[in-house]
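Analysis of the macromolecular model
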Amino acid sequence: ILPQAEYGNYFALFNFSLIFFIVLDLGLNGYNTTQMSRNPTKIQHLAGSIVSLKLLLSVVYVGLVFAVGSVLGYGAVEFKLLLFLCLLQILTSFNQYFRTIVASLQYFKLDGVFMVLDRLIIVVLCAILIWGNIPGISLSISLFVYIQILGVATVLLVLVFFLRKHLEAISFSFRLKTLKPILRKSWPFALLVTLM
């Protein structure tokens with residue numbers, strides 16, 4: 001539907017934002033799955049520190065993406081789209097993290113539902129835009145990215161609501177003393193993801 005050059009530019013920027021996705025994870029999802037599977041009571045203890053760490057890593061991720069983008073000579077149009085693509089990757093990272101908790105609690109069917117729910121929302125909304133003939137609204141790359149963000153953000157809200165009882169007593173910590181041991185224990189998982 002969209003011009004090849006316009007979609008091609010989006011696709012290149014999407015892949016560019018995806019290259020640095022490892023920064024958002026650093027093996028935390030694998031580490032979390034392992035720890036929670038062994039002892040589900042660790043959810044409240046670990047969740048606050050891991051969410052705090054992921055927030056810090058999100059800042060590092062955006063900085064890294066924009067720094068490399070500047071070196072590659074991206075312009076204002078690319079950076080505007082890249083900002084929203086970074087937001088999409090950050091939300092996806094948090095979705096994946098909260099899904100590790102769902103899987104660790106052995107709600108495997110629900111984990112499968114959460115895995116495809118964002119894609120279902122995106123497909124339905126895009127189908128409405130493409131075939132709905134809504135006056136004054138047509139599909140664009142920006143709108144396509146916004147729809148993806150909406151789909152992923154909706155699932156994130158559903159995940160947090162579903163896990164609310166397990167997350168209600170978590171406390172956030174940005175102290176290096178708290179975060180460093182988690183990073184040290186998660187690095188083998190980060191290495192695995194990097195090699196993959």
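First, a word on scope: everything that follows refers to the structure included in this document. (Residues numbered from 1 in each chain as written. Predicted model: local features only at pLDDT ≥ 70, side-chain atom pairs only at ≥ 80, totals over all residues. Heavy atoms only, no water.)

1. Description of the overall build of the protein chain
This is how the line gets drawn: Under the scheme used here, helices are H or I runs from DSSP no shorter than 4 residues and strands are E runs no shorter than 2 residues, and both carry numbers assigned from the N terminus. Radius of gyration means the value over C-alpha atoms here, while the globule rule gives 2.2 Å times the residue count to the 0.38 power. Residue contacts are defined here by distance: any two heavy atoms, one from each residue, within 4.5 Å place the two residues in contact.
Summing up its helical and strand segments, the protein chain has 9 helices and 0 strands in all. Along the chain direction, N to C, the helices and strands of the protein chain fall in the order α-α-α-α-α-α-α-α-α. For the protein chain, whose C-alpha radius of gyration is 18 Å, the value lies close to the compact-globule estimate of 16 Å for 196 residues. Taken along the three principal axes of its C-alpha coordinates, the protein chain extends 50 × 40 × 30 Å. Long-range contacts, defined here as pairs at least 24 residues apart, represent 84% of the contacts in the protein chain between residues at least 6 apart.

2. Describing the layout of surface pockets
We apply this condition: The method works on a 1 Å grid over the protein atoms by themselves. A cavity is a set of points holding a 1.4 Å probe that cannot get out, a pocket is an open set with protein on both sides within 12 Å along at least five of seven lines, and residues with an atom within 4 Å of a point line them. Grid points are joined across faces, edges and corners, and a volume is the space filled by probe spheres set on the points. Each residue gets one label: Ala, Val, Leu, Ile, Met, Phe, Trp, Tyr, Cys and Pro are nonpolar, Asp, Glu, Lys and Arg are charged, and the others, such as Gly, are polar.
Looking at the largest pocket, its volume works out to about 400 Å³. If you go around the largest pocket, you meet 18 residues; those closest to its centre are Thr92, Gln96, Asp118, Arg119 and Val152. Of all the elements in the fold, those that place two or more residues in the lining of the largest pocket are α1 (4-19), α5 (76-104), α6 (108-131) and α7 (141-162). Tallied by class, the residues present in the lining of the largest pocket amount to 10 nonpolar, 5 polar and 3 charged.

3. Examining the environment of Val65
Note the cut-off: Burial classes: relative accessible area under 20% of the type maximum marks a residue as buried, over 50% as exposed, and values in between as partly exposed (1.4 Å probe, protein chains only).
By the element assignment, Val65 lies in helix α4 (residues 43-71). Since its relative accessible area comes to 0%, Val65 is described here as buried. Along the primary structure Val65 and Leu85 are separated by 20 residues, whereas in three dimensions their C-alpha atoms are 10 Å apart. Not counting chain neighbours up to four residues away, the residues in contact with Val65 comprise Phe16, Phe20, Leu82 and Cys86.

4. Describing the nonpolar core
For clarity, the threshold we go by: The definition of a nonpolar core used throughout is a set of buried Ala, Val, Leu, Ile, Met, Phe, Trp, Tyr and Cys residues joined through side-chain atoms within 4.5 Å.
The biggest cluster of nonpolar side chains holds 53 residues, and the ones touching the most others in it are Tyr61, Phe98, Ile101 and Leu167. At the level of secondary structure, the elements contributing two or more residues to this core comprise α1, α2 (22-25), α3 (28-38), α4, α5, α6, α7 and α9 (176-195). Setting aside anything within four residues of it in sequence, one finds Phe98 in contact with Val51, Leu156, Leu159, Val160, Leu163 and Leu167.

5. What about the side chain of Gln148?
Mapped onto the elements of the fold, Gln148 is located in helix α7. Taking relative accessible area as the criterion, Gln148 reaches 9% and is therefore assigned buried. Ignoring anything within four residues of it in the chain, the contact list for Gln148 reads Tyr10, Phe14, Leu88 and Ile122.

6. Remarks on the pattern of salt bridges
Filter applied, for reference: The salt bridge definition used is simple: a Lys or Arg side-chain nitrogen within 4 Å of an Asp or Glu carboxyl oxygen.
Overall, the coordinates contain 2 salt bridges when judged by the stated rule. One salt bridge in this structure joins Arg99 and Asp111, with 2.8 Å as the shortest N-O distance. Remark: Asp111 occurs in helix α6 and Arg99 occurs in helix α5; sequence separation between them is 12 residues. Grouping residues by exposure puts Arg99 and Asp111 together as buried. Arg119 is paired through a salt bridge with Asp118; the nearest N and O atoms lie 3.2 Å apart. Asp118 gets classed as buried once you look at its relative accessible area, which sits at 12%.

7. A closer look at α4
Counted only if it meets this: Given a helix with a known number of residues, its expected span is that number minus one, times 1.5 Å.
Given a rise of 1.5 Å per residue, 29 residues ought to cover 42 Å, and the 40 Å separating the end C-alpha atoms of α4 matches this to within 8%. One or two residues past the end of α4 sits Gly73, with phi positive at roughly 85°.

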